[in-house]
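Survey of secondary and tertiary structure
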Protein chains: 2
Amino acid sequence: MLAIMRLPLRGHQTNETAMTARPYAAVLDRLRKAGLRPTRQRLTLARLLFEGVDRHVTAEQLHGEAEAAGFPVSLATVYNTLHQFTDGGLLREVVVEAGRSYFDTNTGGHHHFFDAGTGALTDIPGDDIVIGDLPAPPAGAEIERVDLVIRIRSRA
Amino acid sequence: MLAIMRLPLRGHQTNETAMTARPYAAVLDRLRKAGLRPTRQRLTLARLLFEGVDRHVTAEQLHGEAEAAGFPVSLATVYNTLHQFTDGGLLREVVVEAGRSYFDTNTGGHHHFFDAGTGALTDIPGDDIVIGDLPAPPAGAEIERVDLVIRIRSRA
DNA sequence: GTGTTTGCAAAGTGTTTGCAATTTA
DNA sequence: TAAATTGCAAACACTTTGCAAACAC
């Protein structure tokens, strides 16, 4: 329903390319380091997510991709896996729309453009925006991270 | 379920105070200016929202308050009204959690602390954080607004 | 009167959960 | 074989919608 913009970083490695039989030791290693058993389902999803360029996905979308790639995974497992990857630091959840979760393969500090009209989510490199001193958090709390979203609107 | 933090701004005018029979011409005027007929339901919700200090509410919460105040409004109408108020510039929707919408009576430029553990949402005045030059938006788009959320975690 | 608004109940969306069957180490 | 993982279907929380009755101007 919503189009999630692929990030035009370096090159255009497609997921077809990513899902060929070439070695995927890197992805396997990432799972192990996150303490997750490399099951068929998790490997499928990890390859779809991490073997191409950085991207943003919804659960629904990733579910469709796994199916299209010929390795169907149940939607419940996609949700579970996305959360396990997020807990393991492999993904970052981006909240821009109530009622839909986006997961970002770029876990480094960076920001986003979000167009509510089209649903497109685009990365902004961390050092493209300078944020001054942050105010002290309420007593007893510590800052976990700072999310900055620039909401944009496409001109008709 | 989630506690939405009241903002400790100036004084502590309770909603009980707000719902007494004192004149509410200001609220009535706000509705008219937003092009909304001042129906009983809209007046009830507007008084709950705007006659106290600035605050954040969910639909569910506001629905409960109207009921407690003795002016029940159906939940569907609360949702519709919150969106009409938002469209009319009387409220601002804050997205911090997928699956729940928060509405902020403070429509000026400002930021938020959000504690996902407690659900507490707290305002940060706009000029407490300096944001440097923004990057140019993608071609054909214009910047609508910038949302900055500092995610915090209460120390156990 | 005429168009707007309301409330209800039903439908919708995206997400999570319980649990038996399967898979991994 | 013991523990972790999966898939299904049902349950969930929140939100939106269709439509007849009630209301504002």
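Residues numbered from 1 in each chain as written. Chains lettered and ligands numbered in written order. Predicted model: local features only at pLDDT ≥ 70, side-chain atom pairs only at ≥ 80, totals over all residues. Heavy atoms only, no water.

1. Overview of empty space enclosed by the protein
In this approach the atoms are scanned with a rolling probe the size of a water molecule, which exposes any empty space left behind. What counts is decided by this rule: For each structure, a 1 Å grid was placed over the protein atoms alone; sets of points admitting a 1.4 Å probe that cannot get out are labelled cavities, open sets with protein on both sides within 12 Å along at least five of seven lines are labelled pockets, and lining residues have an atom within 4 Å of a point. Grid points are joined across faces, edges and corners, and a volume is the space filled by probe spheres set on the points. Elements are defined by DSSP. Helices are runs of H or I of four residues or more, strands are runs of E of two residues or more, and each kind is numbered from the N terminus.
All told, the structure shown has 1 cavity of 30 Å³ or more when counted by the stated rule. Of the voids in this model, the largest cavity is the one considered here, and its volume is about 100 Å³. Together, A:Val95, A:Asp147, A:Val149, A:Arg151, B:Arg92, B:Val94, B:Val95, B:His112, B:Asp147, B:Leu148, B:Val149 and B:Arg151 line the largest cavity. Those elements giving two or more residues to the lining of the largest cavity turn out to be β6 (141-154) of chain A together with β2 (92-97) and β6 (141-154) of chain B. Among the elements that make up the lining of the largest cavity, the one with the highest residue count is β6(B) (4 residues).

2. Some points on the sheet that holds strand β3 (residues 100-104) of chain A
All names here are of chain A. Put simply, the rule is: For two strands to be treated as a pair, DSSP must find at least two bridges joining them.
Strand order in the open sheet formed by 3 strands is β1-β3-β2, and the pairing between neighbours is antiparallel. One side of each edge strand has no neighbouring strand; the edge strands of this open sheet are β1 (56-57) and β2 (92-97). Here 4 bridges tie β2 to β3, and the two strands are oriented antiparallel to one another. Bridge pairing in β3 links Glu97 to Arg100.

3. Focus: the protein's contact with DNA strand D
As a reminder of what qualifies: The rule for a residue being near a molecule or strand is that one of its heavy atoms must lie within 4 Å of it. Two N or O atoms count as a polar contact when they lie within 3.5 Å, although within protein this holds only if one can serve as hydrogen donor and the other as acceptor, and sequence-adjacent residues are included solely when both atoms are side-chain atoms. Polar here means any residue other than Ala, Val, Leu, Ile, Met, Phe, Trp, Tyr, Cys and Pro, which are nonpolar, and Asp, Glu, Lys and Arg, which are charged; Gly is therefore polar.
The immediate surroundings of DNA strand D are formed by 18 residues, with A:Thr39, A:Gln41, A:Arg42, B:Tyr79 and B:Arg100 found nearest. In DNA strand D, the atoms that sit within 4 Å of the protein are 85% sugar and phosphate, with bases accounting for the remainder. Here a phosphate oxygen of DNA strand D and a side-chain polar atom of A:Arg42 are 2.3 Å apart. Residue B:His83 places a side-chain N or O atom 3.4 Å away from a phosphate oxygen belonging to DNA strand D. Counting residues per element, the ones that place at least two in the surface near DNA strand D are α3 (40-50) and α5 (75-87) of chain A together with α5 (75-87) and β3 (100-104) of chain B. Considering each element in turn, the surface near DNA strand D owes the most residues, 5 residues, to α5(B). Residues belonging to the surface near DNA strand D are distributed by class as follows: 6 nonpolar, 8 polar and 4 charged.

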